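What follows is the residue order along each chain.
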Amino acid sequence: MAARLGHLAEMTSRQGALPDGREVRRSPQAADTESSAGESTTTVVIAFFANLAIAIAKSIVAMVTGSASMLAESAHSWADTGNQVLLFIADRRGRKPADDSHPLGYGREAYVWSLIAAFGLFTAGAVVSVWEGVSKLASPGPEEASYSWAYVVLGLAFVFESVSFVQAFRQTRREARELERQVLEHAFQTSDPTLRAVFAEDSAALVGLVIAAAGVFLHQLTGDELYDAIGSILVGLLLGTVAIVLINQNRRFLTGQAADPELRELTIERLKQLPGVAVVTYLRLEFVGPRQTFLIARVDLEGEPHETLVARRLRDLERELELESYVRAAVLTLATPEEPAL
């Protein structure tokens, strides 16, 4: 049960002290947690260098060919490159240990920086791409005779983006298997915003490259810039859709995202397994960062123990719950006899 709960919470990282100053004891899932967190950092770093190389190459070719689709793709890659810096900050800041000013840790900072990155993708990627396509339709430029370099760069970009995507896909697939989810389902539902962003941006990048290549090819084949401009607009719309999805997901976690029903049910079962717990009548399980939750519950204890004994028993039960890798902190209170059991 404990291992399953740790997987469902996506192998939470826990460091530092708890809100009441107690030292955190490491659970058996801590090694898996650190491995997952470290893999997220690796995923972001690989994506950064891949996008930087691609952005430089696309920008040069866009200037040489005057292709609207290539310019849109270069804007996309520069936006992705900048986003990886923000996602790296999100990953590092979100893993800072709890302190007196942030007793539940800094996990929600990850969503703030990821939200900024999503807005960057929308403005620097989507808006620029759509604007360039519309401008090309309104004021066609001189036709470029050769697009050979555009095809070369698009091909290389596809290779580099594939390397970055494979890393993100492997991490997502591994975590999805542990949570018994589909890969796309986990990419959308994961509490790790950096993994979700890299997975989504790399997926959009690969689709965008296909669109851009089609626009360049049809322009070269027909001599009509309409196709190139449409390619730019489609890339922009694709980026805008991805950005809106990422913005919405980060908003949900920032405003207090409750744990999914499966994790909630398993947590109730875990509470019932605690020594001395007879009934669980209330549970609040809310994400406070990537793979981190804050647990509040009301329980009825077996027998009629003395008040001091009750307080000590509740503190002991809280400590046991906090050994779970996904629980940043736990607060237990007594239930009244008339409260229905969950």
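No experiment lies behind these values; they were computed from the predicted model shown.

### A short note on the sheet that holds strand β2 (residues 292-301)
Link 1 in the chain: On the basis of which strands lie adjacent, the open sheet formed by three strands has the order β1-β2-β3 and mixed pairing. Each having just a single partner strand, β1 (277-289) and β3 (327-334) make up the two edges of the open sheet. Strand after strand, the sheet turns through a mean of 15° between neighbouring axes, direction not considered.

### With respect to the nonpolar core
Link 1 in the chain: Membership of the largest hydrophobic core comes to 27 residues, with the highest contact counts inside it found for L87, L121, V198, F199, L239, V242 and L246.
Link 2 in the chain: At the level of secondary structure, the elements contributing two or more residues to this core comprise α2 (30-65), α3 (68-94), α4 (109-138), α5 (148-179), α6 (183-189), α7 (193-222) and α8 (225-254).
Link 3 in the chain: In contact with L246, not counting residues within four places along its chain, are A118, L121, R196, A197, A200 and E201.
Link 4 in the chain: If you look at the next biggest cluster of nonpolar residues, it comprises 24 residues, including L271, V277, V327 and L332.

### Details of the pattern of salt bridges
Link 1 in the chain: Throughout the structure, instances matching the rule amount to 15 salt bridges.
Link 2 in the chain: The closest approach of N and O atoms between K136 and E225, which form a salt bridge, is 3.9 Å. A residue pair is termed long-range when its members are at least 10 positions apart, and K136 in helix α4 and E225 in helix α8 qualify at 89 residues. When sorted by exposure, K136 lands in the same class as E225, which is buried.
Link 3 in the chain: Between R174 and E178 there is a salt bridge whose closest N-O contact spans 3.6 Å. You can see R174 and its partner E178 sitting in helix α5, four residues apart, about one turn around the helix.
Link 4 in the chain: Judged by its relative accessible area of 24%, E178 is partly exposed.

### Details of a nonpolar patch on the surface
Link 1 in the chain: A cluster of nonpolar side chains, contributed by L137, F217, L218, L221, L226, Y227, I230, L234 and L237, occupies part of the molecular surface with about 770 Å² of accessible area.
Link 2 in the chain: Counting only elements with at least two residues in the nonpolar patch, the list comes to α7 and α8.
Link 3 in the chain: No other element matches the five residues that α8 contributes to the nonpolar patch.
Link 4 in the chain: Among the secondary structure elements, F217 is positioned in helix α7.

### Some words on the packing of α3 against α8
Link 1 in the chain: Where α3 meets α8, the closest approach of the two axes is 7 Å, and the angle between their N-to-C directions is 20°. One element, α3, and the other, α8, form an angle in the roughly parallel class. Crossing geometry of α3 relative to α8 is assigned as right-handed. Counting all contacts with α3, which are made through A68, S69, A72, E73 and H76, the residues of α8 involved are D228, A229, G231, S232, V235 and L239.
Link 2 in the chain: When its residues are assigned to classes, the contact of α3 with α8 shows five nonpolar, four polar and two charged.

### Comments concerning α5
The periodicity of an α-helix, 3.6 residues per turn, causes residues three or four places apart in sequence to face the same way.
Link 1 in the chain: If you check α5, its first and last C-alpha atoms are 46 Å apart, about what 32 residues at 1.5 Å a residue would give, namely 46 Å.
Link 2 in the chain: Looking one or two places after α5, you find E180, whose phi comes out positive at around 60°.

### Section: the packing of α3 against α4
Link 1 in the chain: Contact pair α3 / α4: the axes reach a minimum separation of 8 Å and the direction vectors enclose 175°. What the angle tells us is that α3 and α4 run roughly antiparallel.
Link 2 in the chain: Taken together, the residues of the contact of α3 with α4 sort by class into 16 nonpolar, seven polar and five charged.

### Brief notes about the environment of I233
Link 1 in the chain: Along the chain, the position of I233 falls in helix α8.
Link 2 in the chain: Residue class for I233 comes out buried when judged on its relative accessible area of 18%.
Link 3 in the chain: Linking I233 and E132, residues 101 residues apart in sequence, is a C-alpha distance of 7.6 Å.
Link 4 in the chain: When residues no more than four places from it in sequence are discounted, the contact partners of I233 are S129, V130, G133, V134 and L137.

### Structural notes on helix α9 (residues 261-272)
Link 1 in the chain: Taking 1.5 Å of rise per residue, 12 residues should cover 16 Å, and α9 covers 17 Å from first to last C-alpha, within 8% of that figure.
Link 2 in the chain: Looking at α9, one finds that the buried residues are L263, L266, T267, I268, R270 and L271.

### Observations regarding unusual backbone geometry
Link 1 in the chain: Positive phi, normally seen in glycine, also occurs at E180, with a value near 60°.
Link 2 in the chain: Mapped onto the fold, E180 is located in the loop between α5 and α6.
Link 3 in the chain: The backbone of R291 shows a phi angle near 60°, a positive value even though the residue is not glycine.
Link 4 in the chain: Its place among the elements puts R291 in the loop between β1 and β2.

### Some words on the pairing of β2
Link 1 in the chain: The pairing of β1 with β2 spans 10 bridges and is antiparallel. Of the residues in β2, the one forming a bridge with V280 is V299.
Link 2 in the chain: Taking the residues between adjacent antiparallel strands as the criterion, β1 and β2 are bridged by two residues, where R291 takes a positive phi near 60°.
Link 3 in the chain: Taken together, the seven bridges between β2 and β3 define a ladder with parallel strand orientation. Looking at the pairing, V299 lines up with L334 of β3.

Conventions adopted
Residues numbered from 1 in each chain as written. Predicted model: local features only at pLDDT ≥ 70, side-chain atom pairs only at ≥ 80, totals over all residues. Heavy atoms only, no water. Pairing = 2+ DSSP bridges. Helix = DSSP H or I, 4+ residues; strand = E, 2+ residues; numbered from the N terminus. Axes fitted to C-alpha atoms, helices over the stretch in contact; angles between N-to-C directions. Core = buried A, V, L, I, M, F, W, Y, C linked by side-chain atoms within 4.5 Å. Buried < 20%, exposed > 50% of the residue type's maximum accessible area, 1.4 Å probe, protein only. Contact = heavy atoms within 4.5 Å. Salt bridge = Lys/Arg side-chain N within 4 Å of Asp/Glu carboxyl O. Patch = residues over 30% accessible without salt bridge, like charges linked within 9 Å, V, L, I, M, F, W, Y side chains within 5 Å. Areas by Shrake-Rupley, 256 points an atom, 1.4 Å probe, with all protein chains shown as cover. Parallel < 35°, antiparallel > 145°, perpendicular 65-115°, else oblique. Left-handed = near helix turned anticlockwise from the far one by under 90°. Nonpolar A, V, L, I, M, F, W, Y, C, P; charged D, E, K, R; others polar. Expected span 1.5 Å × (residues − 1).

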